[in-house]
Amino acid sequence: MRKIYRSLNPSLIENFQQFGFPKYQYGYRHVVRPQPCQDIIDKLNLKKKYPNSHQNLDIIDVFSGYGLFSSMINYELKPRKHIIIEDSKENVNIWEERIKYLKEKTNNAENFELYPHNGYNWSTFESLIKKDKIIEPSIKPRDEIHDELLIIGNLTPQKFGESLLAQWIMCSVYQNWLQKYGRIKMVCFVPDSTAQKFLSGPRFPKRNKSAIKRELFTDSKLIGLVESSGDHSIPDGTDFDPNLLVKDQPCLIPSRSILPAGALLAVVEIDPKNLLEIDFEMMEYILQILMYKSTGKLSEALAQLAPGAEIDLAPKLSKEILNKCPRDLLADEIWEVFHVFDKWAFKPSLTDTIGIVQEDTRVF
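Because the structure is a prediction, the values reported are computed rather than measured. (Residues numbered from 1 in each chain as written. Predicted model: local features only at pLDDT ≥ 70, side-chain atom pairs only at ≥ 80, totals over all residues. Heavy atoms only, no water.)

A. Structural detail: the packing of helix H12 (residues 280–292) against helix H13 (residues 298–305). Where H12 contacts H13, the axes come no closer than 9 Å and their chain directions differ by 125 degrees. With respect to H13, the element H12 is oriented oblique. As H12 runs across H13, the sense of the crossing is right-handed. Mapping the contact onto sequence places Tyr 285, Ile 286, Ile 289 and Leu 290 in H12 and Leu 298, Ala 301, Gln 304 and Leu 305 in H13. Here the contact of H12 with H13 is composed, by residue class, of seven nonpolar, one polar and no charged. (Axes fitted to C-alpha atoms, helices over the stretch in contact; angles between N-to-C directions. Helix = DSSP H or I, 4+ residues; strand = E, 2+ residues; numbered from the N terminus. Parallel < 35°, antiparallel > 145°, perpendicular 65-115°, else oblique. Left-handed = near helix turned anticlockwise from the far one by under 90°. Contact = heavy atoms within 4.5 Å. Nonpolar A, V, L, I, M, F, W, Y, C, P; charged D, E, K, R; others polar.)

Take a look at the structure:
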């Protein structure tokens, strides 16, 4: 007897059986079984967060590929419009046939619309809204998460997934791209190695500048990760920050539910924070300097910020903070360092700081 899943659209069961599993992944990783998709949807609890989704929610779904998760999140939320942004030949064909199929079955009550453009290009989103007017997002106050727009992205390719996730996060900081319309929630499928770094907390060895920026600028949650395959002596999530696992309690995705076989991924929910107007470029500079030698004492790192910084700024910071290494600083402590430096009368201009750390060429 076939198991019934709450978010599985019965009108699409035959369609998925007809197409079968995707033949080409192009570096993408897909969840291809309904049970883990349902588990992820239940963990996200988006119906509670978008109670009027059937009337006013638009979903922008980037690199949806095979589309099982997309179809299930669609059936769960029943959005006003669900835009599929895809440009690979096979996936465009899948979605063209799927939407045609739905038009015959349900008159496309699901409100899917294929936008066959490259989701990696920023111009795609400008054309989607300004030129082709597929959706017309309203600008919402930044004191709450935007209740009429949701971004879903499959950013699992190792080639660009991590850098694109970093850019999406910073778009919420600079309030550009889609984030100019308000604080828009992002649900992202990412390489497991990316999630391990970006979601690492203080004192965890994998914590780096990207993890700190993610913590400073967003409220993020690990929703799901792939279980350890076969070897039961290895705990699930063994490479993740254990404090993160305890806090978020992510659902486990069976490895047999992922294509290509043996691939790993993680699911992350990202809510941009409502940030005050600050000099983000200055924060970028401070983090670059502090994390260049992330395991030394902060008191020593201050000297690298600018001449005299260790003399003038150290007395304004507690001994507890000064004795920590930058990697172990809590978000509030990093903000404290920033505000002390920002108020310093002798802080250098950003122009003056260019080239101070020539060896560190990382951009996130």
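B. A look at the pattern of salt bridges. The final tally for this structure, using the stated rule, is 17 salt bridges. For Lys 185, the salt bridge identified is with Glu 269, shortest N-O distance 2.7 Å. With a gap of 84 residues between them, Lys 185 in the loop between helix H8 (161–174) and strand E6 (186–190) and Glu 269 in strand E10 (residues 266–272) connect regions that are remote in the sequence. Overall, Lys 185 belongs to the buried group, its relative accessible area being 3%. Under the relative-accessibility criterion, Glu 269 is labelled buried at 6%. Look at the salt bridges and you will find they share partners, linking Lys 49, Lys 185, Glu 269 and Asp 271 into a network. (Salt bridge = Lys/Arg side-chain N within 4 Å of Asp/Glu carboxyl O. Buried < 20%, exposed > 50% of the residue type's maximum accessible area, 1.4 Å probe, protein only.)

C. Inspection of the sheet that holds strand E3 (residues 81–85) at higher detail. Taken in spatial order, the eight strands make up an open sheet running E4-E3-E2-E5-E6-E10-E7-E8, and their pairing is mixed. The two strands at the open ends of the sheet, each matched to only one other strand, are strand E4 (112–115) and strand E8 (251–253). When the angles between neighbouring strand axes are averaged without regard to direction, this sheet yields 20 degrees. Direction of pairing for strand E7 (residues 218–226) relative to E8: parallel, over a ladder of three bridges. Along E8, the bridge assignment pairs Leu 225 with Leu 252. (Pairing = 2+ DSSP bridges.)

D. Molecular detail of helix H2 (residues 34–44). Buried within H2 are the following residues: Pro 36, Cys 37, Gln 38, Ile 40, Ile 41 and Leu 44. Looking at the residues trailing H2, positive phi occurs at Asn 45, about 55 degrees.

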